[in-house]
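Survey of secondary and tertiary structure
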Amino acid sequence: MHFASGHTRTVLLIGGVAIKFASLFQPRYWLHGLKRLRLFAQRREVGGRLRHYHPNPLAGGILYYFWGMRSNLLERDIWRDCQHLPLAPTYVSFWGLVNIQRRGTPIQTHELALCPFRDLAQEHPNWSDLHKPEHFCWIGDRICLIDCGGPELGEALRAYRKIPVATGRLRTQTT
Ligand SMILES: Nc1ncnc2c1ncn2[C@@H]1O[C@H](COP(=O)(O)OP(=O)(O)O)[C@@H](O)[C@H]1O
Ligand SMILES: [Mg+2]
């Protein structure tokens, strides 16, 4: 059993599951949010950035601070709607506060090239979710995306129709 932490969630990895707790009450998270907000203000980007979270900037401001919950809810919805895609299954979400997801085995850095959604990653070099090896895991014989809580990525995944490339066969070839 061990903990891993992401940008918006703290994850307990135990047995075959990953339990994702929305990082609502961590001072570190709120301080980080305040620092980013100050940076956006300096660049006069506050409205635009908050609209990134929700079309209404006020709702965006609220979600900005509850982003862990939002990520959990999005991940639940995307899995519900896109089970044909190589995503880690989300078994259940408790109001976004806690999600229970199937646990995967971390990939190695050199396996990033085998990960699914490489075409989306190429198209969107700034979508860090698709460029970090820690966001992919082996689940069974294929590599799956385990962090799909970003709204833009979510929309792209809903529109995604292609068959994933990575399989256990490719894994054998590279190790
Ligand atoms: N299903 C999973 N299987 C194995 N490890 C996971 C799983 N989900 C998350 N993790 C680990 O927890 C970390 C944080 O989870 P992540 O979904 O990226 O949260 P955040 O959206 O806050 O960045 C990941 O980088 C990974 O190391
Ligand atoms: Mg992450």
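Every chain is numbered independently, its residues counted from 1 as its sequence is written. Here the convention is simple: chains get letters from A, ligands get numbers from 1, in the order in which they are written. It should be noted that, the model being predicted, local features are given only for residues of pLDDT at least 70 and side-chain atom pairs only at 80 or more, the latter also being counted only at that level, while totals for whole chains, interfaces and linings use all residues.

Those domain boundaries reflect an automatic or database domain assignment. Examined at the domain level, the protein breaks down into domain 1 (2-24 + 66-174) and domain 2 (27-65). Using C-alpha coordinates to define each centre, domain 1 is positioned 24 Å away from domain 2. Three classes are used: nonpolar for Ala, Val, Leu, Ile, Met, Phe, Trp, Tyr, Cys and Pro, charged for Asp, Glu, Lys and Arg, and polar for all others, with Gly counted as polar. Taken together, the residues that form the side of domain 1 that touches domain 2 break down as two nonpolar, one polar and one charged.

A word on the sheet that holds strand S6 (residues 105-106). At least two DSSP bridges between two strands are needed for those strands to be called paired. A run of DSSP states H or I qualifies as a helix once it reaches four residues; a run of E qualifies as a strand once it reaches two. Both are numbered from the N-terminal end. Judged by pairing direction, the sheet is antiparallel, and its three strands sit side by side in the order S6-S7-S8 without closing on themselves. In this open sheet, the two strands that pair with only one neighbour each are S6 and strand S8 (142-145). Alignment of S6 against strand S7 (residues 136-139), held across two bridges, turns out to be antiparallel. Bridged to Pro106 within S7 is Cys137.

Another point: the packing of helix H2 (residues 46-53) against helix H3 (residues 57-65). Under this scheme, a helix contributes an axis fitted over its contacting stretch, all axes are lines through C-alpha atoms, and angles between N-to-C directions fall in the 0 to 180 degree range. Between H2 and H3, the least distance of the axes is 7 Å, while the angle of their chain directions is 70°. Judged on the interaxial angle alone, H3 and H2 are roughly perpendicular. Contacts between H2 and H3 involve Gly47, Leu50, Arg51, His52 and Tyr53 from the former and Pro57, Gly60, Gly61, Leu63 and Tyr64 from the latter. Each residue belonging to the contact of H2 with H3 can be placed in one class, and the counts come to five nonpolar, four polar and one charged. Every angle not falling under 35 degrees, over 145, or within 65 to 115 is termed oblique; those three ranges are roughly parallel, roughly antiparallel and roughly perpendicular. A pair of residues counts as a contact when their C-beta atoms, built from backbone coordinates, are separated by no more than 7 Å.

Now for the sheet that holds strand S3 (residues 17-22). Within a sheet, adjacent strands bond to each other through the backbone by hydrogen bonds, running parallel or antiparallel. One open sheet accounts for five strands, arranged S1-S2-S3-S5-S4; its pairing is antiparallel. The sheet is open, and its two edges are formed by strand S1 (2-5) and strand S4 (90-94), each paired on a single side. Neighbour to neighbour, the strand axes of the sheet diverge by 20° on average, direction disregarded. One ladder, built from five bridges, connects S3 with strand S5 (residues 98-102); its direction is antiparallel. Bridge assignment links Lys20 to a residue of S5, and that residue is Asn99. Packing against the sheet, helix H4 (residues 67-81) makes contact with strand S2 (9-14), S3, S4 and S5, and its axis sits at approximately 140° to S4.

To continue, consider H4. Here the expected length of a helix is defined as 1.5 Å per residue gap, with one fewer gap than residues. Helix length check: H4, at 15 residues, gives a terminal C-alpha distance of 21 Å against a target of 21 Å (1.5 Å per residue), a fit within 8%. Three exposure classes are used. Buried residues have 20 or more other C-beta atoms within 10 Å of their own C-beta, exposed residues have 12 or fewer, and partly exposed residues fall in between, all C-beta atoms being placed from the backbone. For H4, the full list of buried residues reads Trp67, Gly68, Met69, Arg70, Ser71, Asn72, Leu74, Glu75, Arg76, Ile78 and Trp79. Contacts made by the buried residues of H4 are with S2, S3, H3, S4, S5 and helix H6 (151-159).

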